[in-house]
Amino acid sequence: FFKQKTAYEIASCLVGSEMCIRDSSGTTFTTIPEVTEVSGLSETVELVEVTHFASTAKEYVAGLADGSEITITCNFLPGNAPQQEMISGTHSGKGTTNNYQFVCTDGTSTDTLTFAAVNIGYEIAPSLDSQNQITYTIKVTGAITIAHS
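As a convention, each chain's residues are numbered from 1 in the sequence order in which they are written. Local features in a predicted model are, by the rule used here, given only for residues with pLDDT of at least 70; side-chain atom pairs are given and counted only at 80 or more, and totals for whole chains, interfaces and linings are based on all residues. Only hydrogens and water are removed before side-chain values are computed, so all heavy atoms of the structure are retained for them.

**Describing the environment of T114**
In step 1: Only DSSP runs of H or I with at least four residues qualify as helices, and only runs of E with at least two residues qualify as strands; both kinds are numbered from the N terminus onward. With respect to the helices and strands, the residue T114 is situated in strand 9 (residues 110–125).
In step 2: Only protein chains enter the area calculation, which uses a 1.4 Å probe; residues under 20% of their type maximum are buried, those over 50% are exposed, and those in between are partly exposed. Judged by its relative accessible area of 23%, T114 falls in the partly exposed class.
In step 3: The sequence separation of T114 and V103 amounts to eleven residues, and the corresponding C-alpha distance is 8.7 Å.
In step 4: The contact rule is simple, with two residues in contact once any of their heavy atoms fall within 4.5 Å. With residues up to four places along the chain from it excluded, the contact list for T114 reads F29, Y100, Q101, A143, I144 and T145.
In step 5: Each polar contact in these results corresponds to two N or O atoms within 3.5 Å; when the atoms are within protein, one needs to be able to donate a hydrogen and the other to accept it, and residues that are neighboring in sequence are counted only if both atoms are side-chain atoms. Here Q101 takes part through its side chain, which lies 3.4 Å from a polar atom of the side chain of T114.

Here you go:
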């Protein structure tokens, strides 16, 4: 198997962006507060080799898309509900799946990426000189949908 990046790998937004998590009741997306960085939001397509004896060169077909591992870094806010939802999703090896949205705008148009992801880890980085940080790691499961508006 070979991995090939799809045409869209999400780049930095020119004006603003917002990362949201769907609450545990599953009805509303809530902004994850004080996000300072989102990295790794992408999708790859496995290439499946289908070369046969009559082939004149190697041949491939597209396999299934595979979402990436994403890291989300925030200023840590102890007791904040969306941040605690992400912590509890990985605590004690739960590895729960949540729905997420990443909203990105350039001031004229907006892209909203919606996807499910498994919470696979978090790391709290205490600091004496600045805001404490928390970095969450999630793994996309299933398709990423993109809505343009």
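After that view of the structure, there is still more to cover.
**Digging into unusual backbone geometry**
In step 1: Although it is not a glycine, E34 sits at a positive phi angle of roughly 55°.
In step 2: For E34, the position within the fold is in the loop between strand 3 (29–31) and strand 4 (35–39).

**A few points about the pattern of salt bridges**
In step 1: Within this document, salt bridges are pairs made up of a side-chain nitrogen of Lys or Arg and a carboxyl oxygen of Asp or Glu, the two lying within 4 Å of each other. Scanning the entire structure with this criterion turns up two salt bridges.
In step 2: Close ionic contact of E49 with K58 constitutes a salt bridge, the shortest N to O distance being 3.3 Å.
In step 3: Of the residues examined, E49 reaches a relative accessible area of 39% and is grouped as partly exposed.
In step 4: The shortest N-O distance in the salt bridge between D66 and K139 comes to 2.9 Å. Of the two residues, D66 sits in strand 6 (residues 60–67) while K139 sits in strand 10 (residues 133–148), which places them 73 residues apart along the sequence.

**Here we look at the nonpolar core**
Nonpolar side chains tend to gather and get buried jointly when the protein is soluble and globular.
In step 1: I72, M86, Y100, F115 and I138 are the most contacted members of the largest nonpolar core, which has 21 residues in total.
In step 2: Mapped by element, the contributors of at least two residues to this core are strand 2 (16–22), strand 7 (69–75), helix 1 (81–88), strand 8 (97–105), strand 9 and strand 10.
In step 3: Per-element accounting of this core gives the leading share, five residues, to strand 10.
In step 4: Setting aside anything within four residues of it in sequence, one finds F115 in contact with M19, L41, I70, N98, N99, Y100, I138, V140, A143 and I144. Residues grouped as a nonpolar core are buried Ala, Val, Leu, Ile, Met, Phe, Trp, Tyr and Cys residues, joined through side-chain atoms within 4.5 Å.

**A word on the pairing of strand 5 (residues 43–49)**
For a regular strand, side chains alternate in direction, first toward one face of the sheet and then toward the other.
In step 1: Counting buried positions along strand 5 gives five out of seven residues, so the element sits mostly inside the fold.
In step 2: Between any two strands, at least two bridges found by DSSP are needed for them to pair. Taken together, the six bridges between strand 5 and strand 6 define a ladder with antiparallel strand orientation. Across the sheet, the residue bridging to V48 is V61, located in strand 6.

**Thoughts on the environment of Y136**
In step 1: Mapped onto the secondary structure, Y136 falls in strand 10.
In step 2: With 98 residues separating them along the chain, Y136 and V38 place their C-alpha atoms 9.7 Å apart.
In step 3: Residues within four places of Y136 in sequence aside, it is in contact with I70, T71, I72, C74, Q83, M86, I87, G121 and Y122.
In step 4: There is a polar contact of 3.3 Å between the side chain of Y136 and the backbone oxygen of Q83.

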